[in-house]
Structure formats: C-alpha cells, structure tokens
Amino acid sequence: MEIAESNSITNMQFEPETKPLTFRELSWRRFRRHKMAMAGAVMLALLVVYCFGGTLFLTEEYANFTDTKIILQPPSAEHPFGTDTVGRDILARTIYGGQISLLIGISAAMVGVLIGVLIGALAGYYGGLVDGILMRFTEAMFTIPQLFLLLVMAKYFAGKIPNVQVMGRSFSGSVILIVVIIGLTSWMYLARIVRADFLSLKEREFIVAANTIGTRNRAIIIRHILPNTMAPIIVAATLGVANAILSEAYISFLGLGVQAPTATWGNMLQVASSGFHKIQNAPWFWFFPGMFIVLTVLSINFLGDGLRDALDPTTVT
Amino acid sequence: MSRYVIRRLLQAIPLLFIISLVLFVLMRASGDPVATMGGRRVMRPEDRQRLARQLGLDKPIYTQYLYWLIGNDWATIDTDGDGEPDMPGDRRGVLRGELGKSLVSRGKEAWDIIWERLPNTLLLMIPAEIVIILFSLIVGIFSALRQYTLADNVITAISFIGYSMPIFFVALISMYLFSVKFKEWGLPFLPTVGMFDPKLGKTPSQVALHMVLPIFSMASISIAGYSRYVRSQMLETISQDYIRTARAKGLSERAVISGHALKNASLPLVTIIGLDIPLLLGGAIVTETIFAWPGMGRLFVDHVSRGDTPVVMGILMIIALAVVIFQLLTDILYAWLDPRIRYE
Amino acid sequence: MVIFAGASPATYNARKDMEEIVSRKIAKTLSILVVLAMLAVSLAACGTAEPEVVVETVVETVIETVEVEKEVEKTVVETVEVEKEVEKVVTATPAPTNKIATFAWTQEPDSMNWVYSNMWFSSILQQIFHCWAWEFDSDNAAFPRLLTEIPSMANGGVSEDGTVVTMNLRDDIVWSDGTPITADDFVFTYEMIMDPNNTVVSQYPYDALSGVEATDERTVVMTFAEPFAAWEAWFWRGVMPKHILEPVYEAEGSIDEAEWNLAPTVGCGPYDFVEWESGSYMRFVKNPNYWLGQPNIDEIYLQFVPDDASQTAALIAGDADLGTFPPISDVPILEAGGVEVMVQSSGYAEGWFFNFRDMASPGAQDVVVRQAIAMALDREAINSDLLLGLTHAPETLWDPLAGGMYVSPDIVPWSYDPEGAKALLEDNGYVDSDNDGIREDKDGNPLTLTHGTTIREIRQDNQAVTQQMLREIGIDMQIQSWDADLFFGSWADGSPAALGDVDIMEWSDSTAFPDPDHYYWLCSELPSDEYPWGANYFGCDEYLDGLFQEQLGMLDPDARTEVIREITKHMHENVYWLGIWDDPDMWIVGPRLTNVSFSGVTPFYTIMEWDIVE
C-alpha cells in the first residue's frame, strides 16, 4: 500500500505543470461568467445583423420610397412596423437608420477616445506646464454641460458641410458634423483617467529602466505605458458608444441633429414627438425607433459592465 | 485650506475667460439674429442693414467680444448710418455687471429675461435632486443588502433599462400613460404641460401637481444610475474588515449597516451629486421642452436657435460660474466630511 | 476613493469615533439642504402672490360696470350684496358671470409694440388692445377705424399727382385713459419710427415719406417723394401714445426700453392690456372707454403653450377656445372633438423660388428644365395627402390677393404630366446616356439641382416626396435643410440662399399683402460684396425688373392691375416661382365661441362681436 501511494505521489511530482493562463484568457473566463454581459453581447450582435444584414432583404431605395397614399398606416403584413408621414416603411427605415445610428455611435466614441487618450497621455507623461495647460483646457470644456456645448456647436457648423457620397449612397453632411461634435464634447472624462494612470505608471521601475536605456518618449508612451492602461480605455470606449447614440438622439430630438434625407433612430423619434396625434394615435411611429435605441444602449451597457468586471476584477459589482 | 480655496478661485478666472471667448465666437459666427426678425416674411434689405448697424452686429467679432465684455460707453458708435461715429454707446459690459440687451426681445435686459426663468428652474431642480438623493440611497442600499437575490436582480435590470433610455422617451411614455391614458380610463390623472393651470392660478398645489411628471422623468434616470453606484460602494464597504469585526463583536445587523456602513458608503455620493447640481441649472433642456416648463433650459433652446448672443452667453456664463463654485464647494465639503483628506 | 484598511480593535474604536463625527456632519448637511429646498420652494411660491390680488380687483370692477349699465340706483356696499340684489332684480338681463375666452398661443410675443416686433403672434393682437388708422375685413378690403373715411382720389384725400395723402380723424377717438387721440400722435409715431436711436424692426413704408404734418388736431398730411401706390396696405398699423412715450424718449433718448413696449397699459382697443406673466399668460379686460362700445366677451386670457401637441390637447379638453396653425395631422381629431378649423387667406403661399443667377447649376438656369419640373410635380397629391386637402396649389404669388384679380387670365396652370416633362427634356438634349437614372445635358453634366429649405417637418416631408417625383423624370435633386436664421441670413453671414448655393429655395412668402407690390426680383437687389443686404437671391430679368419698377408708381388701379397681370404671366411662363401649396392662416375655434370671423390682415377685426355660449 505504502509503495503504491508513494509511487502515485512520486508520479504526480513528475507531471508537467499546466500552463498558467494569460491575462487575456483570464479576462475572457471572467467575462463568460458574467451572464448579463454575455446576453448584452448577443443582443448587440443580433442588432448589428439586423441593421447590416437587413440590407440584403430591403434595398435603400425601398426604405426611401415615399407613397403619399399610405401615410401613417398602423403595422400590417406588408409593413410590419407601419408607415411614416410620407408613406415610407418604418421597418426598412429602422434598418437603414440603425446603420447610421450605430456608425455615428462607434465613430463618435472613437473620436472621443482618440482625443481623450492623446490629451491624457501627453498631460500625464510630460507633466509640468504641458499638464497644466491641458488640464485647464479640459476643465474648461468640462464646465459646460455637454448638451449645451452640442447645441452651440451644432449651430455653428450647421450647413457648412455639404452632402457626401459614400459607396453610392448619399449622406447628409450633418452625419459627419454630429460625429465630430459628439466626439469633441465627450473626451474629457477619459482624459482625466488616462492622465491619472500615466502619472502613476510613469514612476514604475520598468518605465524608469526604459528611460535609462534611452528609449524614445514616443516608444515609451505607446509600447510600454499605454498597454497597461487599456482596461479603462476599453470600458470608456464601449460606454462611449452608448453615450454617443443617446447624445445623437437628444440633439435630433431638439431638431439640430442629423438632417433629412438621412434617417437615424434619433431623428425618427424627433419627428414622432412633434404632434399630439402621433403620440397618441400612431404609437408605432415612436415606439420602434425608441425601442431600438433602448435595446442597443442597454446591451452596450451590459457589455461595458461585463468588460469592466473582466478586465479589472478588483472592482465589486 | 484657505490658501487652497484662493488658489482655486484664482485659477478659475482665466478658465472663465477662455470659456467666454470660445463660446462667444461660436455663437456670433453661427447664424444671423437679424434674419429671423422679419417674422413670417424675410427682412427687407434696408431694415437689415440698419438693424445690424444699430445692434452693433456689423463690427468684427473681436470688437463685438470686447464690447460684450467691457461695454462700449467709452467708444463712439455710428447711430445715424452716415458712416461717422457720433455718439458714445450705452452698454457697460459683463465685467461691470450688465449682460447686455437681448437681441430677440429688444428692450429687455438679458439678465431680466434669465432672472424670470431661473426660479422656475430651481423649483424643479432642487426637489428633483432631493428625490434623487433619497431614492438612490434607499434603492442602492436595499439592493446591496440583498445582493444576488431576486429583488436585487430585478432592481439591477430595471436600473440598466432606466439609464439606457433617452430622457424624452421616459417623459413621453410617462406623459402618455399618466396623463392621456389615465384620463381615458377614468383614473385620477396628472396634468400634461405647463407649470400651472391658468384658470386656477399659480397656487402651490397646482405647481406641485405639475411638477410630478417632470421630476419623475428626470429622477428615474438619475436614480437608475446613482443607485447602482451606491450599491457598489455599499458592497465594497460591507466587505471591509472593520464591518466584519463589528459583526463578530455581536452588533445587530441594523446597527452595523446604519451605524457604520451607511455613512462611509454614501460619502462619495456627496461628491458626485455636488458636481451634478450646476448641471441641473442647465434646466434639463429636454424635460422643460417636453413639459413646457418655463425654465432656463427652454429659454436657452429658444434663444440659441434665434441667435440671441447676450442671453445665451449669460446663461452659459452663469452655468460655468456655478460649476466652478460648486466644484470648489464639493471639494471643501468632502474634506470637511472626511478628516483624512487634506489639501495644501 | 478611500479604502479602509486594518482590522485591529484599536483602529476599530478610532473608526467609530470618526464615524460619529461624520454622521453628525452628514446630518447637518442634510438638514441644511432640506432647509434650502424649503426656502427655494417658498420663495417661488411667494413671488406669485401678486396675480391673485389683481384678479380680485378686476372682478369688482366688472360688477360695478354692470351696475351702471342697468341704471339701478343702489349704492355698491359689498360685492357679495350687489350680486344678490342683481339676481333678485333680474328680468331679462343675463347673469353677471365673467365671460372669459382663452386663446392658446404657441409662441410668446417678443414685444407688444408693433414697431419692435415682426412676430405674427404679436402683431395680430393689436386689434384687441390697440387701434389702427384703418383695418381690413374678411375680403381684405380696407375700412376706416380712426379715420372718418379712407383717403382716395375721388374724395380728395389723395392729391392728383399722388404725392400727398390727407387723413381726417374721427372726433370721438380716445386712449383707454381718456386722453383724446390726435394728429400729434400720428406725427410722433412717424418720428419715432424714423429716429436712428430706435432699433425698430422695419421702417417700411415710412421711409418712402418725405414728411408727416399735423395741420390741425384732426388732420394728418402725409407727403411722398414719389407716388407710392402701395400706401394703403402698410401705413399706420398702430399709433403710439405721445403723452406716454414722449417723456420716455426725452429722458432716455430712445423708446427701445420703454415699459409701454412690454406692458401697453394705455391702448385704444376694445380691451385693456392688464398683465403679462412671462412664459405663462397674458390678460386683457374690457376697455370701459372704448368709443365704439363694449365687447361681448369680458376677458381674454392668452395662454402660452409650448408646442402644437399641448395646443391640440388644450382645445380638445376645452381648456382653450382658440388656437392657431394646428399641425395638419391633428386636424381630424380636432374636428372630431367638436373644434372648428377655419381657414383665412393672408397672402402667403409656399413655393419654390428658382435661382437663375450665374452661380446656379446650369439646369436651374435653363427654362426648359424648370418647366419640366413644374410638370413633374403632382401638386394635387401633395396637397391632398400631405396637407389633407386643406390647401391647394397656387399658380402665382398673387393668387390670394383680392380674389385673384391680379392674376393674368392667360395663365394655364401646370398640370401633372410626367410623360410630357420627360418628352420636353428629351427634345432639348437632356438624355440619360449612361443609364444611371439621371439625365445629362449636352456637355455630359448630370442634371443635378440642390433644394434647400428650413427644418420644419412638413417641408422635409415635401422634400422627400418631390425628390422622388423628380427622380422619375431623371432629375437628381439633392436636398438640404437649415435653421431659419442661417437660411435667411444675409450674403455677409454666408447664408446659402444668399450666396446662390441653392438652386431651388422653398419657403412661404407673400407680396406686400394686401398690396401686390414686391421687391424680390429687382435687379438692384442682387446681393454682392458691395451690397451684402441684397434680397434678390433669384436672378435679374431686365424685362421683369422694368415691370416691377413701373407698377409701384402707378396710381391708376386699372393700369397697375394690367402691369401686374403681365408680371404674373411672365413669371409663370418662365417658372421663376412654382407654387406648391397656399399657406393661409389656420384657426381652430372651440365650440364655446360664436360670431367668429377673421381677416387675413387684421384677424381680430370683429373681436367685439365674438361671444361665448356654454
């Protein structure tokens, strides 16, 4: 018996150890356990399929096809989501409008992240006067509430950007405008976080070492410090998409968002809220775009929550 | 401490200057306030020209900014259109306390217009803030204490949905449900829009009744967000060692929570809410528009679209000033509440 | 964020002390907040006590007036007692309840002085509390109000050469405070409008005058530099009270900031302005000194509602008796709710203004293309589907005036004929050579035109529908929209319309209604760097320019009508302006109001006869 046991113990000692999991694999495991985040990811994937895959079934011409004889029809077999004020099919418009809303969300978030990371990194790394100036500027932008800034900027740039043609489709110039101004008004929070991270990471030994051996500043920033600050950046980017979609909906509601002929979920809602008749008697008109916005933002929020947990397990939720 | 306060205040001054310059340039460069003065018709060229001159809109932007800042009673302006300056101006400028005259409601001081609407906004925002604080705390703590139970999950789900919704969607649905549909179904219903019913006058009960839906719309979204924050703070606090010690010492759960955990968990909430208050001054633009509340937010939207720079700049500078002051106050409050924090 | 570390009993006690401190501080803070909140609420509520006081005073006044009219010789002791006595004495007299009409306004006036406001929502109120020298009836024909008669060549009011107009004032006209209205008030009004220290919105048409004189208390003489045929339409749309405003002018050098502009307590109309609570309401009460008698309705309450949706809700619920410009889609439910929709032409028509200046697209400059466009639009469908048949498509800007008198009988309306449009384009060299659905001209340039308008919903809907109609005949119409103050800005402000970036501009406009004069197509009005205020965003047609200049100086109405007819014919043939729908005033009248009729120029000209039935 003893010999058998000692044999098995001895055997065990010579088995190779299993490889330790990398950070990525650990994060992915944690993420998978977060049920809501997975649900959010799935829902988001479905929405993307709806918006971009839907083009295989319904052409853009169909989405823009007006027929004044069937204005404001309730949902039916032919028009599952009903028709709008000029007889266009709402289902098709949610597909094409969704493309724009999602694209605006992603682009605006990217613009915001780019600016935020740039300013935060420069301020945190160089410190001193550069830090002082950039942080004062950040505070100045922070001081004005985002919606006010958006309104004033939307007014300033309005009409200065002509319609653009991309891939055979014509977009109102206001799409680019909205992306730019939402990006320009949403970078401040990330800049602060990135700066704080840079400030603390700058003093770590491996950075001091890199400096000592003469690595150029740009290389240090991009290849050494930045990868270690990815966690808040990713989370901020994800939630930034949700914020951008909501911001677009807000400005469109107030009339200064994306202009016709381009449809977005936001400006479909604006049109819907401008008549008592439509609120009360044509609820399909505002319900569907609103529902899509809520679903998208919800799934992104779930996703972001899950990402935050997965990438930074010290936070408690 | 006082040195810190003074330093912050001094830092705020160039900040406010930068903000005012950027915003002024944006405002003046976008749209022509004279263009919409024609009402239903387009303005006649002669009138456009005359009004642009009389209102000082034909000067270069930096001159206009200068006049806005320090007035033009030290300069002569051309009043009768012959190209020669003849009379000193009559504006004293923002730094001397005069926000200027509105371009839209000519004859009215921008400050008077803003002052008419400011109390209405405060009337909506302060109770809303109190509701938000109270309910965020209640819901967040309740949710934290019942972590992972059905109640917690339901509340979490509702919170997520809540702050994923655009505010006008919430407002519209609540208006649709509680005003239109309740009335249809014969239930007691809430009024739709406005601050009070004109036939009944501006009585406190009328105003209170009309406040319910707007406050509900704004609060529900904020509560959804803040209750999650309180919950996470609470969970973090509860997992602390000293709470474990307190429990080990035999204190009742209630004493542990209310006596120890609660205070520490709610501390960071103070910071966040303190920073939120000046944003509320912006008047929750969308809420006021939907519910026709005569506040500063609606004033802003109306006057931005008509290019009324003095009023718009006035509102923006008031908000900027409020933000700076409240940020400072919050920092001081936080230091006062938590004696371990020291500023030098 | 602070993290508490350590778990020894010593630290625990230290924590406990600190927590007590913190909890006391939090309690203090919360109580301060609550007190502040209560203060804020009570402040707001306090500031509103005053309106209630005003209401009570008014009620008393009304009851006293009733007493006087019945000639019941009883001293007014207490308000309560008077009411009771009136009920006993009553034979055929109505119960003394206040008749209050509530109007729902979706826009709040910026000023109550008409020279400072071009807002329709302000100027139409003038008939309620103020007075014009003459007003206009439902056919938009002038009738005298302050004058004894409308001056004309026949009665000698207008001189032979048309440069002198003499007005005779009535004897009984008084301001609401009892002061007589005299010719001096007219002269004062002219002086104030022309004074460079007053930032009035428009000096039209007073800048055509060379002088105004009060030859005696009841006679005003206007002198023109040149004969001005459009004088009857726009002069003396209000008179300012000299005894109120002159002191202000002398003290401040300008009447820009006169209190009277925002609180015109002294007026000369059937009602007195009583109060204006900004953002909420305005109140008018019967004017006891009105020389034409007393109106039926005792009080008019003007409530400011934020948007169309709440206006509709107010009318259906009976909270308001009158509204304006309902959204088209609300009309069926309004009618179902017992609210009447009344339509009154005021000269406005929504149309496409074509840009044929040098910088416009070659397609827009070609009359053939414009004619094809006119044939390609199914304007009837637009009017019947988008506007629920409440309007129809006008052919010229002069259609709504004087029953169409100014429209040339030779005009044949453009009918919906897409095949004809296609044929017209084909015959003139516009062929789709690359089969992309868009025609190209002889040089191979695609037939692309830009269409611009403001962001109003109905216009954007129209853009979508018409874009499709034009695509069917092979024209590519690019659509854009801007905020009104950008679109209508000047050349100097970079307005796209002024700069000529837009080929087809859509908005609603009128002539100098009720006069047929217009200045848009004058060649002298082309905007440029030297003249950035120019209003001619369209183009210079020498022949048309000559006609417009000629008609303004023609005082013989028949000759003038002939010239204008020629204008309409020329413009219609060349499709300089294409009418889409006419834009009348739309009133929604609740079931409580009776005897209601409107005018296009002075909507409330019969306000005295309106009545309320419960």
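The rules behind each value
- Residues numbered from 1 in each chain as written.
- Chains lettered and ligands numbered in written order.
- Predicted model: local features only at pLDDT ≥ 70, side-chain atom pairs only at ≥ 80, totals over all residues.
- Heavy atoms only, no water.
- Axes fitted to C-alpha atoms, helices over the stretch in contact; angles between N-to-C directions.
- Helix = DSSP H or I, 4+ residues; strand = E, 2+ residues; numbered from the N terminus.
- Left-handed = near helix turned anticlockwise from the far one by under 90°.
- Contact = heavy atoms within 4.5 Å.
- Buried < 20%, exposed > 50% of the residue type's maximum accessible area, 1.4 Å probe, protein only.
- Arc of directions from axis to C-beta.
- Pairing = 2+ DSSP bridges.
- pLDDT = per-residue confidence, 0-100.
- Phe/Tyr/Trp six-rings, centres within 6.5 Å; stacked < 30°, edge-to-face > 60°.
- Lys NZ or Arg CZ within 6 Å of the ring centre and 35° of its normal.
- Patch = residues over 30% accessible without salt bridge, like charges linked within 9 Å, V, L, I, M, F, W, Y side chains within 5 Å.
- Areas by Shrake-Rupley, 256 points an atom, 1.4 Å probe, with all protein chains shown as cover.
- Salt bridge = Lys/Arg side-chain N within 4 Å of Asp/Glu carboxyl O.
- Domains from an automatic or database assignment.
- Buried area = accessible area lost by both parts, 1.4 Å probe.
- Core = buried A, V, L, I, M, F, W, Y, C linked by side-chain atoms within 4.5 Å.
- Nonpolar A, V, L, I, M, F, W, Y, C, P; charged D, E, K, R; others polar.
- Disulfide = S-S within 2.5 Å.
- Parallel < 35°, antiparallel > 145°, perpendicular 65-115°, else oblique.

> Would you take a moment to explain the packing of helix α6 (residues 128-143) of chain A against helix α9 (residues 188-201) of chain A for this structure?
In helix packing, the relevant descriptors are the interaxial angle and the interaxial distance, both defined with respect to the helix axes. Residues and elements named next belong to chain A. One can describe the packing of α6 onto α9 by two numbers: an axis separation of 10 Å at closest approach and a directional angle of 150°. As α6 packs across α9, the resulting crossing turns out to be left-handed. Of the residues in α9, those touching α6 at Asp-131, Met-135, Thr-138, Glu-139, Met-141 and Phe-142 are Met-188, Tyr-189, Arg-192 and Arg-195.

> Sorry, what's going on with helix α19 (residues 542-552) of chain C here?
Along an α-helix, a turn takes 3.6 residues, which lines up residues three or four apart on a common side. Residue and element names in this part refer to chain C. Buried within α19 we find Leu-544, Asp-545, Leu-547, Phe-548 and Gln-551. When α19 is viewed along its axis, its buried side chains cluster within an angular range of 160° and face the same direction. Pointing more than 90 degrees away from the buried face of α19 are the exposed residues Glu-542 and Gln-549. In this structure, the buried residues of α19 make contact with α20 (557-573).

> Is there a simple way to think about the sheet that holds strand β5 (residues 209-216) of chain C in this case?
In any sheet, the strands associate via hydrogen bonds between backbone groups, in a parallel or an antiparallel arrangement. Residue and element names in this part refer to chain C. In space, the 3 strands of this open sheet follow the order β4-β6-β5, with antiparallel pairing throughout. Strands at the two margins of the open sheet, each flanked by one partner only, are β4 (164-168) and β5. Between one strand axis and the next, the sheet turns through 20° on average, direction left out of account. Across 5 bridges, the pairing between β4 and strand β6 (residues 219-224) is antiparallel. Bridge pairing in β6 places Asn-168 opposite Thr-219.

> Can you help me understand the confidence of the model for chain C in this one?
The predicted structure's coordinates, where accompanied by low pLDDT, should not be read in detail. All names here are of chain C. Averaged over every residue, the pLDDT of chain C is 82; residues scoring 70 or more account for 84%. Throughout residues 1-32 the model reports pLDDT below 50, and contacts reaching past four residues in sequence, or to other chains, amount to 43 contacts. Under a pLDDT of 50 for its full length, residues 39-94 has, in the predicted model, 32 contacts with residues more than four places off or in other chains. Here the prediction assigns the complex a pTM of 0.80, and the interface score ipTM is 0.76.

> Is there a simple way to think about the packing of aromatic side chains in this case?
Centre-to-centre distance and the angle between the planes together describe a pair of aromatic rings. All names here are of chain C. Considering all chains together, one arrives at 59 aromatic pairs over all chains under this definition. Relative to Phe-121, the ring of Trp-105 has its centre 5.6 Å away and its plane inclined at 80°; by these criteria the two rings are edge-to-face. Placement of the pair is Trp-105 in strand β1 (residues 100-105) and Phe-121 in helix α4 (residues 120-123), with a sequence separation of 16 residues. Take Trp-105 and Phe-121: they sit in the same class, and that class is buried. Above the face of the Trp-234 ring, Arg-237 is positioned so that its terminal group lies 3.8 Å from the ring centre.

> Explain a nonpolar patch on the surface to me, please; I cannot follow it from the model alone.
All names here are of chain B. Taken together, the side chains of Ile-6, Leu-10, Ile-13, Phe-17, Leu-66, Ile-70, Trp-74 and Leu-95 define a hydrophobic patch exposed on the protein surface, amounting to about 770 Å² of accessible area. Put simply, the parts of the chain that give the nonpolar patch at least two residues each are α1 (2-28) and α3 (61-70). A total of 4 residues in the nonpolar patch trace back to one element, the largest contributor, which is α1. Tracing the backbone through its elements, the reader meets Ile-70 in helix α3.

> Can you walk me through the sheet that holds strand β15 (residues 504-509) of chain C in this structure?
Residues and elements named next belong to chain C. Pairing within the open sheet is mixed, and its 5 strands lie in the order β14-β13-β15-β12-β16. The outermost strands of the open sheet, each flanked by one partner alone, are β14 (476-482) and β16 (577-582). Averaged over neighbouring strand pairs, the angle between their axes works out to 25° when direction is ignored. Both strand β12 (residues 349-354) and β15 contribute to a ladder of 6 bridges, which runs antiparallel. Looking at the pairing, Phe-353 lines up with Met-505 of β15. Against the sheet, helix α16 (residues 457-472) touches β12, β13 (448-454), β14, β15 and β16, its axis set at about 170° to β14.

> Sorry, what's going on with the domain arrangement of chain C here?
In many reports, interface size means the accessible area that the parts give up when they come together. Residues and elements named next belong to chain C. Domain boundaries in chain C define domain 1 (20-45 + 97-130 + 269-346 + 584-614), domain 2 (131-240) and domain 3 (347-582). On a C-alpha basis, the centroid separation for the pair domain 1 and domain 3 is 36 Å. The partner domain 3 presents 11 residues to the 9 residues of domain 1 that form the contact. Carbon and sulfur atoms make up 75% of the area that domain 1 and domain 3 hide from each other, which totals about 810 Å². When the buried surface of domain 1 facing domain 3 is broken down by residue, Ile-328, Ser-346 and Pro-584 rank first, second and third, together holding 58% of it.

> Help me out: how do you make sense of the environment of Ile-290 of chain B in this one?
Along the chain, the position of Ile-290 of chain B falls in helix α10 (residues 285-291). When the C-alpha atoms of Ile-290 of chain B and Ser-239 of chain B are compared, they prove to be 44 Å apart, with 51 residues separating the residues in sequence.

> Before we go on, may I ask you to explain the nonpolar core in this structure?
For soluble globular proteins, nonpolar side chains are generally found buried alongside one another. In terms of nonpolar packing, the biggest core is built from 131 residues, with Val-286, Phe-300 and Ile-315 of chain B touching the most fellow members. For this core, the leading source of residues is helix α15 (residues 283-311) of chain A, giving 13 residues. Here this core spans two domains, and each of domain 1 (2-110) and domain 2 (111-337) of chain B adds at least three residues to it. With near-sequence residues (within four places) excluded, Phe-300 of chain B lies in contact with Phe-148, Leu-151 and Val-152 of chain A together with Ile-285, Val-312, Ile-315 and Leu-316 of chain B.

> Can you walk me through the interface of chain A and chain C in this structure?
Each side of the interface is counted separately: chain A has 29 residues, and chain C has 24 residues. Summing the contributions of chain A and of chain C, the shared interface buries around 2,300 Å²; its carbon and sulfur component is 50%. Where chain A meets chain C, there are 1 salt bridge. Across the salt bridge formed by Asp-385 of chain C and Lys-69 of chain A, the nearest N and O atoms sit 2.6 Å from each other. Of the residues forming the side of chain A that touches chain C, the biggest block, 4 residues, is contributed by helix α14 (residues 276-281) of chain A. Across the side of chain A that touches chain C, the residue classes tally to 11 nonpolar, 14 polar and 4 charged.

> Help me out: how do you make sense of the confidence of the model for chain A in this one?
Residue and element names in this part refer to chain A. For chain A, the average pLDDT comes to 80, and 87% of its residues sit at 70 or higher. Helix α5 (residues 90-126) holds the highest mean pLDDT among the elements of chain A, 90, whereas helix α1 (residues 2-14) holds the lowest, 49. For residues 1-6, every residue scores under 50 in pLDDT, and the model assigns this stretch 0 contacts once sequence neighbours within four places are set aside.

> It is not clear to me how the state of the cysteines should be interpreted in this structure. Could you clarify?
What we call a disulfide is simply a covalent bond connecting the sulfur atoms of a pair of cysteines. Residue and element names in this part refer to chain C. Within this structure, the stated rule accounts for 2 disulfides over all chains. The disulfide that involves Cys-131 links it to Cys-268, with 1.8 Å between the sulfurs. Between Cys-131 and Cys-268, the S-S dihedral sits near -85°, and the bridge is therefore left-handed. In this pair, Cys-131 is assigned in the loop between α5 (126-129) and β2 (134-136) and Cys-268 in the loop between α9 (259-262) and β7 (271-277), connecting sequence segments 137 residues apart.

> Honestly, the packing of α5 of chain A against helix α12 (residues 230-253) of chain A in this entry has me stumped. Any pointers?
Residues and elements named next belong to chain A. Orientation of α5 relative to α12, taken along the N-to-C sense of each, is 130°, at an axis distance of 8 Å. Overall, the two elements α5 and α12 adopt an arrangement that is oblique. Considering how the two elements wind past one another, α5 and α12 form a crossing that is right-handed. Along its contact with α5, which presents Ser-101, Leu-102, Ile-104, Gly-105, Ile-106, Ala-108, Ala-109, Val-113 and Val-117, the element α12 presents Ile-233, Ala-237, Gly-240, Val-241, Ala-244, Ile-245 and Glu-248. Grouping the amino acids of the contact of α5 with α12 by side-chain chemistry returns 12 nonpolar, 3 polar and 1 charged.

> What should I look at first to understand the pattern of salt bridges in this one?
Charged atoms that come close allow side chains of opposite charge to pair. Counted under the stated rule, the structure contains 29 salt bridges over all chains. The salt bridge partner of Asp-47 of chain B is Arg-44 of chain B, with a shortest N-O separation of 3.1 Å. Each of the two residues, Asp-47 of chain B as well as Arg-44 of chain B, counts as buried. Linking Arg-379 of chain C and Glu-395 of chain C is a salt bridge whose minimum nitrogen-to-oxygen distance equals 2.9 Å. Taken as a pair, Arg-379 of chain C in helix α14 (residues 379-386) and Glu-395 of chain C in the loop between α14 and α15 (418-427) lie far apart in primary sequence, 16 residues in all. Via salt bridges that share partners, Arg-44, Glu-46, Asp-47 and Arg-50 of chain B together with Asp-207 of chain C belong to a single interconnected network.

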